[in-house]
Amino acid sequence: MLIVSSLVFYAWGEPVWVVLLLFSSVVDYIHGRIAQRYLHRWQSTAALISSLIINLGILILFKYSGMLANTLDTLFGLSLNFTGFSLPIGISFYTFQTISYVFDVYRGEVKAQKSFWKFLMFVSLFHQLVAGPIVRYKDIAKEIETRSFSVEQFGEGVRRFIIGLAKKVLFANTAGALATNFLDGQLGELSMGGHWFGMTLFALQIYYDFSGYSDMAIGLGRMFGFTYQENFNYPYISKSVTEFWRRWHMSLGSFFRDYLYIPLGGNRRFQFRNLFIVWFLTGLWHGASWNFVLWGLYYGALSAFEKILRWIFKSFRLPAMFNYLYMFAVTIFGWTLFYYEDLYRGIRFMQGLVNVNFLWDTTTEVMLMNNAWFLFAALIGMTPIVMLTLKKIEAVITKSLFRPIYSVVLYPLSIITVFIVAFIILIGQTYNPFLYFRF
């Protein structure tokens, strides 16, 4: 039933490319069985290589062929006139999941799935198929075989889903609608403050959007008896680039660490080469455009810079406030590279970020004043403050006489209220972008 509903869900948006999803499932089911049967023999290695070639070949064909043709046109004037295929939704997510499966079977970390239908369920799970997180087979292998269900687990899933929905509707969409006023207008009319304000709004949008979808996926997983790994851990409180990427899109970072960085040699040999290969591909994974590659290399260079500084100044530590300001600045410049596929416009925006000749404008001031409460709530919400405060309040209540009222009435009522508010706003919103079509 879960397989059918997942395939119907995917086919609803991708009636043609569901065939591609099925093809990938068949290919990696067979490769996994071969890798398991001939474990530690050359046939197992051949199965892994074959799986990589097919999976990456599909990904390159459907996601990057248009970009490659366009680049060749630009460099050599070939006039290929090929714009590529329509991008199958979620192809990067399920391709990485099937690669990790064959890799883990090859390394003997998990047994190959004997049932094709159970493997298809793993690949097609609608909870995380479209926008992640990247779920590894070995993490849910036991739950694929036997899942336990309980009212508490289902309730926790519902709560997590509603939190994710609220993040998406109340914060991400609002921040995105405001950001377009700054990022997509006439940049020459925008002050330096307007540039920083606009890109800060985009930083809020992409965080709440992506972490909101991850929360919804994790919540739905819990409702159906699956426990997915966390994908975000308050990344904007980081004090270094390295820490930021340990907290942001953790399933992607750990994928590149375990299946690329460490096999290349990790920190033991050619560390900086390995670092730049990983960051080049991390950028490319996010979209078939060179601005994403530059965005990845930007973080690769910053990561290398931080490693060198830590090596030179081993015991020296800067004040925390300086680190927060540093991370705020590099994050804003980074999102500029990410946002603008038009590099000329992206460079113009960066120039605006340091334009001290035009510091402030009235439009930015009005927008800031009119949305001060939203900004305050959004900025507080991306820190652990809210969650820690709620836990302390809950701890006090559960020790008091109000515990039965809180458990039976107040807590469910607060969750239902958040859901109703988010649902009503969602119906009335005209700005509800899906940021992950390029992934």
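Above: the structure in question.
Analysis parameters
Residues numbered from 1 in each chain as written. Predicted model: local features only at pLDDT ≥ 70, side-chain atom pairs only at ≥ 80, totals over all residues. Heavy atoms only, no water. Helix = DSSP H or I, 4+ residues; strand = E, 2+ residues; numbered from the N terminus. Expected span 1.5 Å × (residues − 1). Buried < 20%, exposed > 50% of the residue type's maximum accessible area, 1.4 Å probe, protein only. Contact = heavy atoms within 4.5 Å. 1 Å grid on protein atoms, 1.4 Å probe; cavity = no way out; pocket = protein on both sides within 12 Å on 5 of 7 lines; lining within 4 Å. Points joined across faces, edges and corners; volume = space filled by probe spheres on them. Axes fitted to C-alpha atoms, helices over the stretch in contact; angles between N-to-C directions. Left-handed = near helix turned anticlockwise from the far one by under 90°. Nonpolar A, V, L, I, M, F, W, Y, C, P; charged D, E, K, R; others polar. Salt bridge = Lys/Arg side-chain N within 4 Å of Asp/Glu carboxyl O.

**Side note on helix α13 (residues 290–312)**
Item 1. With 23 residues, α13 extends 33 Å from end C-alpha to end C-alpha; this agrees with the ideal 33 Å at 1.5 Å per step.
Item 2. All buried positions along α13 are accounted for by Asn291, Phe292, Val293, Trp295, Gly296, Tyr299, Gly300, Leu302, Ser303, Ala304 and Glu306.
Item 3. Contacts from the buried residues of α13 go to α3 (42–76), α10 (241–247), α12 (271–285), α14 (320–339) and α15 (343–353).

**So, the layout of surface pockets**
Item 1. Computed from the structure, the largest pocket encloses a volume of approximately 1,100 Å³.
Item 2. Counting only elements with at least two residues in the lining of the largest pocket, the list comes to α8 (151–183), α9 (192–223), α17 (372–381), α18 (385–398) and α19 (403–428).
Item 3. When residues of the lining of the largest pocket are assigned to their parent elements, the largest contribution, 9 residues, is made by α8.

**Considerations on the packing of α8 against α19**
Item 1. Contact pair α8 / α19: the axes reach a minimum separation of 9 Å and the direction vectors enclose 35°. Pair α8 / α19 crosses with left-handed handedness. Mapping the contact onto sequence places Arg159, Ile162, Leu165, Ala166, Val169 and Leu170 in α8 and Tyr411, Ile415, Val418, Phe419, Val421, Ala422, Ile425 and Leu426 in α19.
Item 2. For the contact of α8 with α19, the class distribution of residues is 13 nonpolar, no polar and 1 charged.

**Regarding helix α7 (residues 137–145)**
Item 1. All of the buried residues in α7 are Tyr137, Ile140, Ala141, Glu143 and Ile144.
Item 2. Each element contacted by the buried residues of α7 is listed here: α4 (91–106) and α5 (116–124).

**Digging into the pattern of salt bridges**
Item 1. A full pass over the atoms with the stated rule returns 13 salt bridges.
Item 2. As a salt-bridge pair, Arg136 and Asp258 come within 2.8 Å of each other at their nearest N and O atoms. You can see Arg136 sitting in the loop between α6 (126–129) and α7 and its partner Asp258 sitting in helix α11 (residues 250–264), a full 122 residues away along the chain.
Item 3. In this structure Arg136 comes out as buried when scored by relative accessible area, which is 8%.
Item 4. Across the pair Arg159 and Glu156 runs a salt bridge, and its minimum N-O distance is 2.9 Å. With Arg159 and Glu156 both in helix α8, this residue pair falls 3 residues apart, about one helical turn.
Item 5. Judged by relative accessible area, which is 18%, Arg159 ranks as buried.
Item 6. Classification of Glu156 as partly exposed rests on a relative accessible area of 30%.
Item 7. Sharing partners across several salt bridges, the network here consists of Asp104, Arg107, Glu109 and Lys138.

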